[in-house]
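Each chain is listed here by its residues.
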Amino acid sequence: MPREHRLRLILAFAAVYIIWGSTYLGIRLAVATMPPFLMAAARFLVAGAILYGWGLLRGARAPVAAEWRTAVVIGLLLLMGGNGLVVWAEQRVTSSLAALIVAAEPLWVVLIDWVRPGGKRPTLGVSVGLVIGFAGVVMLINPAHAAHGTAVTAGGALVLTLACIFWASGSIYSRHAPAPPSPLMATGSNMLAGSAFFLIAALATGEFSRLDVAAITARSWIALAYLTLFGAIIGFTAYLWLLKNTTLARASTYAYVNPVIAVFLGWLIAGEPLSPRTLVAAAIIIGGVVTISTFQYAKAGALRLFTRGGAAALPSSVPGRPENG
């Protein structure tokens, strides 16, 4: 392998591992002084416009009506429902605990894909992974420890679980929904549609009347810029490059690394508590996800993971590809 190509691989993996893992902390810092839905609307509007414009400059055609309908459904399920509930929850839940709850999303993908009409029943190995992963999630839900930030309250767990269900449902829907052939146009249109739902949610919850631009700290502005530029645009571009230059199984290993990065950064930068209970739960959840993906990969010959974080590439743009960043 040429040295230049090897360096590009290292940089691309670093972007997907570290940047996407850091978006949970970025969200936490942004919503500290910004209304959550308005923050997300601004992020996806800017990122979506850049990716959509970039696609046009590269000669990609604009989405047709059926593809815009797909973008609307994905914008509602994946961005508004999936990412939006995570953004809202991080006003009340630490970024590290949110990342660990969301890390269990592949478990929900398997379950929803099983119970839907014409769904596939999980194999014994995958079922074992489900039990392991959900056991780790249960460890994180303990009201007695939540007051000290070492566990997720029942309310926080419910909101984050709903986010996972929305994201998993949108991921499954996107597998067969019509989408533009250009990943840039597909993801750009998804983000633009999602930003419209965030604006509606902000209006419905009175965020416009509560918005105080003067009260927004520099830290929150920097976090928003980071989420938009690095999480949504650079992270997405790096992942697309990896899909073309390495195997899907290797590219998807970010799903194991992102929760670890999120927990570490939350502890290091935001001073979020890191208890032995959290570390054990993290290991159990990731172990469950690894078990599921291992058995799925062995059976299908391809690793298909779906996780949620902050938001970047969407499954409709890259089949089998989760949104994060």
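The structure displayed is predicted, hence computed values, not measured ones. (Residues numbered from 1 in each chain as written. Predicted model: local features only at pLDDT ≥ 70, side-chain atom pairs only at ≥ 80, totals over all residues. Heavy atoms only, no water.)

**Q** Would you mind showing me how to read the overall build of the chain here?
**A** Within the chain one finds 14 helices and zero strands. Counting from the amino terminus, helix and strand elements in the chain follow one another as α-α-α-α-α-α-α-α-α-α-α-α-α-α. Residues counted as buried form 54% of the 325 residues belonging to the chain. Sequence separation of at least 24 residues holds for 83% of the intrachain contacts in the chain that already meet a minimum separation of 6. (Helix = DSSP H or I, 4+ residues; strand = E, 2+ residues; numbered from the N terminus. Buried < 20%, exposed > 50% of the residue type's maximum accessible area, 1.4 Å probe, protein only. Contact = heavy atoms within 4.5 Å.)

**Q** Please clarify how the packing of aromatic side chains should be interpreted in this entry.
**A** In this description, a pair of aromatic rings is defined by centroid distance and the angle of the planes. Evaluation of the coordinates by the stated rule reveals seven aromatic pairs. Look at Phe44 and Phe198: their rings are 5.7 Å apart centre to centre, the planes differ by 15 degrees, and that puts the pair in the stacked class. Separated by 154 residues along the polypeptide, Phe44 in helix H2 (residues 36-57) and Phe198 in helix H9 (residues 183-204) bring together distant segments of the chain. Residue classification places Phe198 among the buried positions, given a relative accessible area of 0%. Clustering of aromatic rings is evident, with ring pairs tying together Phe37, Phe44 and Phe198. For the cation-ring pair, Arg92 lies above Trp88, with the distance from its terminal atom to the ring centre recorded as 4.0 Å. (Phe/Tyr/Trp six-rings, centres within 6.5 Å; stacked < 30°, edge-to-face > 60°. Lys NZ or Arg CZ within 6 Å of the ring centre and 35° of its normal.)

**Q** Just to check I follow, could you spell out the side chain of Thr246 for this structure?
**A** Within the element layout of this structure, Thr246 appears in the loop between helix H11 (218-245) and helix H12 (248-251). Residue contacts for Thr246: discarding those within four places in its chain leaves Leu9, Phe13 and Ala251.

**Q** Which parts of the structure should I look at to understand the confidence of the model for the chain?
**A** Do not read the predicted coordinates in detail wherever pLDDT is low. The pLDDT averaged across the chain works out to 83; a share of 86% of its residues lies at or above 70. Taken together, the stretch residues 301-323 has pLDDT below 50 and engages in 123 contacts with residues farther than four places along the chain or on a different chain. (pLDDT = per-residue confidence, 0-100.)

**Q** Where do I start with the environment of Gly59 in this structure?
**A** Position of Gly59 among the secondary structure elements: in the loop between H2 and helix H3 (65-89). Along the chain, Gly59 and Ser182 lie 123 residues apart, while their C-alpha atoms are 9.5 Å from each other.

**Q** I tried to follow a nonpolar patch on the surface on my own but got confused; where do I start?
**A** A contiguous nonpolar patch, built from Phe264, Trp267, Leu268, Ile269, Leu274 and Leu279 and spanning about 570 Å² of accessible area, is present on the exposed surface. Looking at the nonpolar patch, the element that brings in the most residues is helix H13 (residues 254-268), giving three residues. If you trace the backbone, Leu268 turns up in helix H13. (Patch = residues over 30% accessible without salt bridge, like charges linked within 9 Å, V, L, I, M, F, W, Y side chains within 5 Å. Areas by Shrake-Rupley, 256 points an atom, 1.4 Å probe, with all protein chains shown as cover. Salt bridge = Lys/Arg side-chain N within 4 Å of Asp/Glu carboxyl O.)

**Q** Explanation requested: the packing of H2 against H9 in the structure shown.
**A** To describe two helices that pack against each other, one gives the angle between their axes and the distance between the axes. Viewed as axis vectors pointing N to C, H2 and H9 meet at an angle of 155 degrees, and their least axial separation amounts to 7 Å. Of the possible angle classes, the one that applies to H2 and H9 is roughly antiparallel. Considering the relative orientation of H2 and H9, their crossing is left-handed. (Axes fitted to C-alpha atoms, helices over the stretch in contact; angles between N-to-C directions. Parallel < 35°, antiparallel > 145°, perpendicular 65-115°, else oblique. Left-handed = near helix turned anticlockwise from the far one by under 90°.)

**Q** Is there a simple way to think about the pattern of salt bridges in this case?
**A** Side chains bearing opposite charge may pair, as long as their charged atoms lie close to each other. On inspection of all chains with the given rule, the structure shows two salt bridges. Between Arg61 and Glu67 there is a salt bridge, with its nearest N and O atoms 2.7 Å apart. You can call Arg61 partly exposed: its relative accessible area is 40%.

**Q** Can you walk me through H3 in this structure?
**A** An α-helical turn contains 3.6 residues, so any two residues separated by three or four positions project in the same direction. In this model, H3 (25 residues) spans 34 Å end to end at C-alpha, consistent with the 36 Å of a helix rising 1.5 Å per residue. The largest bend in H3 amounts to roughly 35 degrees and is located at Gly75. (Expected span 1.5 Å × (residues − 1). Bend = angle between axes of the 7 residues up to and from the residue.)

**Q** Help me out: how do you make sense of helix H1 (residues 3-30) in this one?
**A** Between the first and last C-alpha of H1 there are 38 Å, a value that for 28 residues agrees with the 40 Å anticipated at 1.5 Å per step. Thr23 marks where H1 bends most, by close to 35 degrees.

**Q** Before we go on, may I ask you to explain the nonpolar core in this structure?
**A** As a rule of thumb, nonpolar side chains are buried together in soluble globular proteins. Leu140, Val152, Leu160 and Ile285 are the most contacted members of the largest nonpolar core, which totals 29 residues. Elements with a contribution of two residues or more to this core: H3, helix H4 (95-102), helix H5 (105-115), helix H6 (124-140), helix H8 (154-174), H13 and helix H14 (276-300). A total of six residues in this core trace back to one element, the largest contributor, which is H4. Phe44, Leu79, Met191 and Phe198 belong to the second largest nonpolar core, which has 17 residues in total. (Core = buried A, V, L, I, M, F, W, Y, C linked by side-chain atoms within 4.5 Å.)

**Q** It is not clear to me how the environment of Val257 should be interpreted in this structure. Could you clarify?
**A** Along the polypeptide, Val257 turns up in helix H13. You can call Val257 partly exposed: its relative accessible area is 24%. Residues Val257 and Ile286 lie 29 residues apart in sequence; the distance between their C-alpha atoms is 8.9 Å.

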